[in-house]
Amino acid sequence: MTDSFLARIPTLADAELRRYLEHPQDYKTEAVEAALAELGRRGAAVPEADLARVREALRSREMRHAVQAGRLLGTDPLVRKHRIRRVTAGILTAGLGAAALIYLRARPRMANPLGYEPEDTKKYLRELEVYGGKLNVLVTEFRHWFEGLWQGRSLAATVAVLTLLLAFGFWFVATRLAPDGEGR
C-alpha cells in the first residue's frame, strides 16, 4: 500500500498537493511529507509560515499519539517498569488473597447419606459404557472433574492458578509492548 501511495503522489496536481498542507491533520504524516517533497521537487514555493504551521500540526499530532499510547503505563522506561511491577503485584495480591480466603472459608464436602456415590459404582459405569461407549464414560468423568474445580478447596486452587496465569500474561504482554524495545 505504501508503494502505491508513493507512486500516486507525483501524479497529483499542485492544488491537490497543497490540500495536504492546508489540512495536515486529515492525512498521514508520510503523506504530508511526500506532498511537501513533491512540491519542492516541482519548484513550487511553500511559504515558511505555512511550512512551520504544517510541521507544528504534525508534531502536535505525534505528541497526542505518544501520550495516548503511554497513558496507562507511561513512556519513561523506568516509570513503565515500576508500574508493570506494581500492577503485577496487585494482581497477585488480590488473586492469591482471594484464593487463601476461599481456602480458609471452604467447608469440607458433605458426605453422601447413602455412604457411597452412585456414580462411582461399577454398575453405573458399566451402564454408561453400554449406552454411550468408552467416550461417554470419559466425558462423564471429565465433567465431574471440571465441576469439582469450582467447589470448596479446589476452587481456591483454581483461583490461585488462574491468578498466576493472569499475572504472567499481563507481565509478558506489558513488557513486550514496551516503547522503543525497552524491557525485551
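Residues numbered from 1 in each chain as written. Predicted model: local features only at pLDDT ≥ 70, side-chain atom pairs only at ≥ 80, totals over all residues. Heavy atoms only, no water.

Chemist: So what's going on with the overall build of the chain? Which residues, and what values?
Modeler: On a plain count of helices and strands, the chain comes out with seven helices and zero strands. Of the regular secondary structure in the chain, the N- to C-terminal order runs α-α-α-α-α-α-α. Here the chain, with 184 residues, has 22% of them falling under the buried criterion. In the chain, of all internal contacts separated by at least 6 residues, the share reaching a separation of at least 24 is 59%. (Helix = DSSP H or I, 4+ residues; strand = E, 2+ residues; numbered from the N terminus. Buried < 20%, exposed > 50% of the residue type's maximum accessible area, 1.4 Å probe, protein only. Contact = heavy atoms within 4.5 Å.)

Chemist: Which residues make up helix α2 (residues 14-22), and what values do they have?
Modeler: Of all the positions in α2, only Leu17, Tyr20 and Leu21 are classed as buried. Looking down the long axis of α2, one finds its buried residues gathered within 100° of arc, a one-sided arrangement. (Arc of directions from axis to C-beta.)

Chemist: An account of a nonpolar patch on the surface is requested, with residue identities and associated values reported.
Modeler: Together, Phe142, Trp145, Phe146, Trp150, Val161, Leu162 and Leu165 give the surface a local cluster of nonpolar side chains, amounting to about 760 Å² of exposed area. Listed by contribution, the elements that provide at least two residues to the nonpolar patch are α6 (122-148) and α7 (152-176). With respect to the element layout, Val161 can be found in helix α7. (Patch = residues over 30% accessible without salt bridge, like charges linked within 9 Å, V, L, I, M, F, W, Y side chains within 5 Å. Areas by Shrake-Rupley, 256 points an atom, 1.4 Å probe, with all protein chains shown as cover. Salt bridge = Lys/Arg side-chain N within 4 Å of Asp/Glu carboxyl O.)

Chemist: Which residues make up the packing of helix α5 (residues 77-105) against α7, and what values go with them?
Modeler: The N-to-C vectors of α5 and α7 enclose an angle of 175°; their axes lie 8 Å apart at closest approach. Overall, the two elements α5 and α7 adopt an arrangement that is roughly antiparallel. Residue classes in the contact of α5 with α7 are distributed as 18 nonpolar, five polar and two charged. (Axes fitted to C-alpha atoms, helices over the stretch in contact; angles between N-to-C directions. Parallel < 35°, antiparallel > 145°, perpendicular 65-115°, else oblique. Nonpolar A, V, L, I, M, F, W, Y, C, P; charged D, E, K, R; others polar.)

Chemist: Describe the side chain of Thr158, listing the residues and the values that go with them.
Modeler: Structurally, the position occupied by Thr158 is in helix α7. Judged by its relative accessible area of 10%, Thr158 is buried. The residues touching Thr158, leaving out its near neighbours within four places in the chain, are Leu149 and Trp150.

Chemist: Describe α5, with residues and values.
Modeler: In this model, α5 (29 residues) spans 42 Å end to end at C-alpha, consistent with the 42 Å of a helix rising 1.5 Å per residue. All buried positions along α5 are accounted for by Arg80, Ile84, Thr88, Ile91, Gly95 and Ala99. Packing partners of the buried residues in α5 comprise α7. (Expected span 1.5 Å × (residues − 1).)

Interpretation in functional terms is not warranted from these geometric data alone.
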